[in-house]
Every structure is written in structure tokens, then in C-alpha cells.
Amino acid sequence: MATTNTYDHELNVALLAVQRATLLTKSVFHSHTKGTLNKSDASPVTIGDFGAQALIIAALQLNFPDDEIVAEEEAKDLRENGQLRETVWDLVQKAKLSDSSAEKVLGGEVKSAESMLDIIDKGASQGGAKGRIWAIDPIDGTKGFLRGGQYAVCLALMVDGDVKVGVLGCPNLPVSDSEPLKEGIGADASDEEGKFGVLFSAVQGKGAQSRALSKSGLAESHDIKMKPLTNISEATFCESVEAGHSSQGDAAAIASKLGITKPSVRMDSQAKYGSIARGAGDLYLRLPVRKDYVEKIWDHAAGDLIVREAGGRTLKENKGVVAAPKDVHGKVIEAVREVLGEKE
Ligand SMILES: Nc1ncnc2c1ncn2[C@@H]1O[C@H](COP(=O)(O)O)[C@@H](O)[C@H]1OP(=O)(O)O
Ligand SMILES: [Mg+2]
Ligand SMILES: [Mg+2]
Ligand SMILES: [Mg+2]
């Protein structure tokens, strides 16, 4: 008899893998050496991105050897640059959760710098609408990471094209869900008492949760919900810091049509999805700047599930994102249509 998968094991591995990888990125965040390279599309990648991807894939391979993986980075630059490879290898070896049972869940160590490269390149699946596929963005918002702003470590499991599990590690967001949305990084990001930001998660049909990120095992979690929004004109909306990622002019026009007077809160990465899911903000608008930009699955899968499980609705048909509480989503879409329609 077939049993239904509750995704408990997948969630546990995903949470611990993201927590450990976030620890690695945080050490790079505080260090002067970030080993930044520019990729062929001119976007940056750092030793933090490579190291986090290696750690997450290593854990997935040991726990779910038959699953496919679509991840943002590839090992080519590390194959060509020995010094950079050694720096990443060093980070990967050092990144350990202090709880040995948590490390045990994640599986054995990465054996050598060479095998680390192969592990990074295991994330080269083409993806598709069939089977079990993990999507990894080892550092989402690399520009924010380099600027000293928000970033997120993102992992999602899709089964036959449907997102079942989503996890976001946001080391620079406040631990508390009730802190109002603000720009910059929270005081909780300072590593006091081993706390360093927040870990969001969701399993399809089971709601969304948040918990403090920890350097050992998983902290206690609690359910999160989007904030009820009765009057849309009182909404707080968030958008990208980077004007090249989302049209801030269009967002301002849409907000004005909706009667929104509060200025937007600009933050990098999928930290925006987590922030509205926990009720710290209300809306997330991402509006295309270039017709030819195709959004990537690893940039949205986890955040999209977390918002939907927290009672929100999203729309992201390849071009842009509109995430809002269910009750007002239609209204926001109407304003988006009007503003973008006027530009045609
Ligand atoms: N031209 C672009 N348009 C939209 N998004 C982009 C563009 N270039 C990079 N990104 C991706 O935008 C996301 C962060 O944007 P934002 O902080 O504006 O929400 C990241 O996923 C980033 O990738 P990356 O994972 O490499 O940082
Ligand atoms: Mg990138
Ligand atoms: Mg990204
Ligand atoms: Mg990235």
C-alpha cells in the first residue's frame, strides 16, 4: 500500500542543511575576504556562494541520492583557480553545527577539495516538471551580501513541478516576527548568544513556520501568518534595493494607485518573502525592468511556498512577482495591470 509522504525527513534535512550553510555564509559576511568574481552575466559570486552550495548538496546527496538538483553556481572558476578552491575548501571543512546529532543527520564530511568540486557540479540538473528536484540558491541577493545588507540561503523541494518543502535562512533579519519591517540589518544579526537571524520553512498543506537560526541543532519553531490587511492604503510594501532587478518607478506608480502612502521598504533577496509571510510587511512587488530577463526557479520556489502557506497569494508567471494577502491580491493585480498597461 502506498503511503503518503509527509516530508518530515526532507524538511529536517533541509532545515539543518540551510542552517549549516548559513553559518558558513555568515563567516564570510564578517570577513574582509569574500573572493568575489564576476560571472558571464556580470553578476557577482563569492566564496560564500560556492561553499554554501557545496555543503547543501553534500547533505542532499547523502540523504536523497536519487534526487535531482538545480543550483545556481558551478565549480568552473574553482577548477581554474587553485587558491580560491583552497579557500572555499577550508570554509567547507570548518562549517559544522555544534550539535553532533544534527551533523549526523547531514551525513559524512566532504572528503577532499576535488570531491567538493564534483559536489558543487551535481547541481547542474536541467530541472523539469517530473520527479523530485531540489532548487538551491546558496546566497540569494549576493549584491546585498556584499553591501552588508539582507541575503538568504534558499532551498526547495519540487515534486512533479509542485513545491512541497521550502526553507529560507535569513541571517540578517530579526529573530522576532513582530518587529516592523525596516531597511538595513537587524540587531539580532550580531551573533549574540549564538543567535543570528531567522530560519523560515513551509511544507505544502502544513502552514509556514519561523525559528531562530542556531549554531547547533534546530531551535523551537512557531507558526507564522501574513498580517490581515483591511485597508490596502495602509499597506507596507517591499521591493528590491537594486533598481536593475525590479522597476522601482512602476512599483511607486502601483502603490500610488492603491492609495499607499508609506515609502517602500527596500531589501535584497527572498528575505522579502519571509518578511511578508511573518506579517512584518504586507506586499512584495517585483516588476520587470527588461523584457528578456527570465526569473530563475531557485529565486522563488522556497519563498513562494512560505508565503502561500502563511495565507498569501503570489503571481510570478516568469515576469515579476506580486505577493499579497489573498483578500487584496486581486486589487493589487488590477493596479499592476493598469500601470504596466499604460506603458505598452
Ligand atoms: N537582472 C535581474 N533582474 C531580476 N533579478 C535579478 C537580476 N539579476 C540578478 N537577479 C537576481 O535577483 C535576486 C536578488 O534580487 P533582489 O535582491 O533584487 O530581490 C537574486 O536572485 C539575483 O540573483 P542572486 O542569487 O545571484 O543574487
Ligand atoms: Mg547570483
Ligand atoms: Mg538568487
Ligand atoms: Mg544566488
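Residues numbered from 1 in each chain as written. Chains lettered and ligands numbered in written order. Predicted model: local features only at pLDDT ≥ 70, side-chain atom pairs only at ≥ 80, totals over all residues. Heavy atoms only, no water.

Draft legend 1. Up close: the packing of aromatic side chains. Using the criterion set out here, one finds five aromatic pairs in the structure. Linked through ring pairs, F29, F145 and Y151 together constitute an aromatic cluster. Against the face of F64 rests R132, its NZ or CZ located 5.4 Å from the ring centre. A cation over an aromatic ring shows up here: K215 above the ring of F196, its NZ or CZ 5.9 Å from the ring centre. (Phe/Tyr/Trp six-rings, centres within 6.5 Å; stacked < 30°, edge-to-face > 60°. Lys NZ or Arg CZ within 6 Å of the ring centre and 35° of its normal.)

Draft legend 2. Focus on the packing of helix α2 (residues 47–63) against helix α4 (residues 82–94). Between α2 and α4, the least distance of the axes is 9 Å, while the angle of their chain directions is 50°. One way to sum up the angle between α2 and α4 is to call them oblique. Note on packing geometry: the crossing formed by α2 with α4 is right-handed. Of the residues in α4, those in contact with I47, F50, G51, A54 and L55 of α2 are L84, T87, V88, L91 and V92. Across the contact of α2 with α4, the residue classes break down as eight nonpolar, two polar and no charged. (Axes fitted to C-alpha atoms, helices over the stretch in contact; angles between N-to-C directions. Helix = DSSP H or I, 4+ residues; strand = E, 2+ residues; numbered from the N terminus. Parallel < 35°, antiparallel > 145°, perpendicular 65-115°, else oblique. Left-handed = near helix turned anticlockwise from the far one by under 90°. Contact = heavy atoms within 4.5 Å. Nonpolar A, V, L, I, M, F, W, Y, C, P; charged D, E, K, R; others polar.)

Draft legend 3. Geometry of the coordination of the magnesium ion (ligand 4). Taken together, E72 (OE), D137 (OD) and I139 (O) make up the protein donors of the magnesium ion (ligand 4), found 2.0 to 2.1 Å from the metal. Positions of the donor residues of the magnesium ion (ligand 4) along the chain correspond to the pattern E-x64-D-x1-I. Separating the magnesium ion (ligand 4) from the magnesium ion (ligand 2) is a distance of 3.6 Å, and E72 supplies a donor atom to each of them. Remark: D137 occurs in strand β4 (residues 132–140) and E72 occurs in the loop between β3 (68–71) and α3 (76–80); sequence separation between them is 65 residues. On the basis of relative accessible area, E72 is assigned to the partly exposed category, the value being 24%. By relative accessible area, D137 is classed as buried at 1%. (Donors = N, O, S within 2.8 Å, 3.2 Å for Na, K, Ca; no water. Buried < 20%, exposed > 50% of the residue type's maximum accessible area, 1.4 Å probe, protein only.)

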